[in-house]
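# Observations on chain architecture
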Amino acid sequence: MAFLSVQRLLELRLARANERWARQAGAVEYGRGHYPLFFILHPTWMLFTLLEGRKSGGRVSWPMLALFVLAQPLRYWVIRTLGRYWNTRILIVPGGKRVTGGPFRLLPHPNYAVVALEIAAAPLSVGAWRTALVYTVLNAALLVLVRLPAENAALRQYRADLNSAEEGRSTAS
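Quick summary incoming for the structure in this document.

What counts, and where the lines are drawn
- Residues numbered from 1 in each chain as written.
- Predicted model: local features only at pLDDT ≥ 70, side-chain atom pairs only at ≥ 80, totals over all residues.
- Heavy atoms only, no water.
- 1 Å grid on protein atoms, 1.4 Å probe; cavity = no way out; pocket = protein on both sides within 12 Å on 5 of 7 lines; lining within 4 Å.
- Points joined across faces, edges and corners; volume = space filled by probe spheres on them.
- Helix = DSSP H or I, 4+ residues; strand = E, 2+ residues; numbered from the N terminus.
- Nonpolar A, V, L, I, M, F, W, Y, C, P; charged D, E, K, R; others polar.
- Core = buried A, V, L, I, M, F, W, Y, C linked by side-chain atoms within 4.5 Å.
- Buried < 20%, exposed > 50% of the residue type's maximum accessible area, 1.4 Å probe, protein only.
- Contact = heavy atoms within 4.5 Å.

Its volume calculated, the largest pocket comes out at about 1,300 Å³. Every residue lining the largest pocket is counted, 47 residues in all, and those nearest its centre are Asn-87, Arg-89, Tyr-112, Arg-147 and Glu-151. Breaking the lining of the largest pocket down by element, the ones donating at least two residues are helix H1 (2-24), helix H2 (35-55), helix H3 (62-82), strand E2 (90-92), helix H4 (110-125) and helix H5 (129-172). Counting residues per element, the lining of the largest pocket draws most heavily on H5, which supplies nine residues. Class assignment for the residues of the lining of the largest pocket results in 27 nonpolar, 10 polar and 10 charged. Empty space within the second largest pocket amounts to approximately 300 Å³. If you go around the second largest pocket, you meet 14 residues; those closest to its centre are Met-1, Thr-49, Ala-122, Ser-125 and Val-126. At the level of secondary structure, the elements contributing two or more residues to the lining of the second largest pocket comprise H1, H2, H3 and H4. The leading source of residues in the lining of the second largest pocket is H2, at four residues.

Okay, the nonpolar core next. Core analysis: the biggest nonpolar cluster contains 12 residues, these being Leu-4, Phe-38, Leu-41, Trp-45, Met-46, Phe-68, Val-115, Ile-119, Ala-121, Ala-122, Tyr-135 and Leu-142. The set of elements that each furnish at least two residues to this core consists of H2, H4 and H5. Setting aside anything within four residues of it in sequence, one finds Tyr-135 in contact with Leu-41, Thr-44, Trp-45, Phe-48 and Ile-119.

This structure, assessed with the given rule, holds one cavity of 30 Å³ or more. In this structure, the largest cavity spans a volume of roughly 30 Å³. Along the walls of the largest cavity sit Leu-12, Ala-15, Arg-16, Glu-19, Tyr-35, Asn-87, Thr-88 and Arg-89, which together make up its complete lining. By residue class, the composition of the lining of the largest cavity is three nonpolar, two polar and three charged.

In short, geometric facts, not functional conclusions.
Dropping the structure here:
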């Protein structure tokens with residue numbers, strides 16, 4: 001659990017640095033209202049994984065632990081592919097291009113797939129099956145009902161703004 005906590009804190013630090021860069025580049029944030037839900041979901045998931053894992057007697061499921069460990073290179077592949085654009089917020093940088101390389105060739109939202117895998121595998125690796133079940137459902141609901149619609153709306157708005165700007169340039173010529 002210490003590894004997971006340190007990992008998430010370091011990633012938040014990176015996200016904040018990327019956020020500063022994006023905002024300096026004129027980024028617009030979308031979905032700000034739901035952002036605190038992630039700060040409830042992830043720490044409580046880690047806490048309940050720890051508590052239920054201890055209660056289960058500390059037995060380790062090696063296949064689930066291996067699955068969690070194998071997810072880590074995928075996480076860093078996503079972060080590396082996105083570079084400065086990787087963030088925990090929905091920030092649209094003017095002039096930015098949609099990333100289609102790396103894991104994005106295979107999945108439209110690979111980071112969410114990795115997080116879903118972690119949210120199930122980490123608790124299951126320590127016998128916390130209730131935590132795995134509850135947080136898998138909560139994470140899926142948050143993604144499907146809130147986060148992905150907010151991201152898709154942000155991208156639609158960005159494309160509409162680009163099209164309007166292009167139309168404005170073509171009528172002015």
